[in-house]
Amino acid sequence: MTSRVWTADIDEHLTEAGHSGYHLRQDSHYTARVIHDGDDPQQHLELYAQLLQDLGYKTTVEQPTDIRPLRLRVTHT
């Protein structure tokens, strides 16, 4: 069963690890997305993904589209 994902929890984890320059979007009760606003978003999203995976989250880097930036999809299983 999938567990709820809270952007506040993700923000806390990323902040405690010293990360900044990102913003979070709550897309549903079970999915959040992280978007890096600064330079080299791919590298930063990969760092965020590793940290969140170590905490039990499932992460997927989603490629940019015409209207959406490169982003990290976060769920909990």
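For the structure, check the block above.
About the thresholds
Residues numbered from 1 in each chain as written. Predicted model: local features only at pLDDT ≥ 70, side-chain atom pairs only at ≥ 80, totals over all residues. Heavy atoms only, no water. Helix = DSSP H or I, 4+ residues; strand = E, 2+ residues; numbered from the N terminus. Expected span 1.5 Å × (residues − 1). Contact = heavy atoms within 4.5 Å. Phe/Tyr/Trp six-rings, centres within 6.5 Å; stacked < 30°, edge-to-face > 60°. Buried < 20%, exposed > 50% of the residue type's maximum accessible area, 1.4 Å probe, protein only. Polar contact = N/O pair within 3.5 Å; in protein donor to acceptor, adjacent residues only side chain to side chain. Pairing = 2+ DSSP bridges. Axes fitted to C-alpha atoms, helices over the stretch in contact; angles between N-to-C directions.

Peer 1: I keep staring at helix α2 (residues 41–54) and nothing clicks. Help me out?
Peer 2: Helical geometry note: an α-helix holds 3.6 residues per turn, so side chains three or four residues apart project in the same direction. The first and last C-alpha atoms of α2 sit 20 Å apart over 14 residues, in line with the 20 Å expected at 1.5 Å per residue. Buried residues along α2 sit against α1 (7–16), β1 (22–26), β2 (32–36), β3 (57–62) and β4 (71–76). Of the residues flanking the end of α2, it is Gly56, one or two places downstream, whose phi is positive at about 100°.

Peer 1: What's the story with the packing of aromatic side chains in this structure? I'm lost.
Peer 2: Aromatic rings considered in pairs are described by the distance between their centres and by the relative angle of their planes. Applying the stated criterion across every chain yields a total of one aromatic pair. When the centroid spacing of 5.7 Å and the interplanar angle of 70° are considered together, the rings of Tyr22 and Tyr48 count as edge-to-face. You can see Tyr22 sitting in strand β1 and its partner Tyr48 sitting in helix α2, a full 26 residues away along the chain. When sorted by exposure, Tyr22 lands in the same class as Tyr48, which is buried.

Peer 1: Sorry, what's going on with the side chain of Thr59 here?
Peer 2: Mapped onto the elements of the fold, Thr59 is located in strand β3. The buried category is assigned to Thr59, whose relative accessible area is 13%. Here Gln53 takes part through its side chain, which lies 2.6 Å from a polar atom of the side chain of Thr59. Not counting the four nearest positions on each side in its chain, Thr59 is found in contact with Ala49, Leu52, Gln53, Leu72, Arg73 and Val74.

Peer 1: It is not clear to me how the sheet that holds β3 should be interpreted in this structure. Could you clarify?
Peer 2: The pairing of strands in a sheet happens through backbone hydrogen bonds and is either parallel or antiparallel. Ordered by their spatial adjacency, four strands build an open sheet running β1-β2-β4-β3, and the pairing between neighbours is antiparallel. Single-partner strands in this sheet number two, and they are β1 and β3. Sheet twist, expressed as the average angle between the axes of neighbouring strands with direction ignored, equals 25°. With three bridges joining them, β2 and β4 adopt antiparallel strand pairing.

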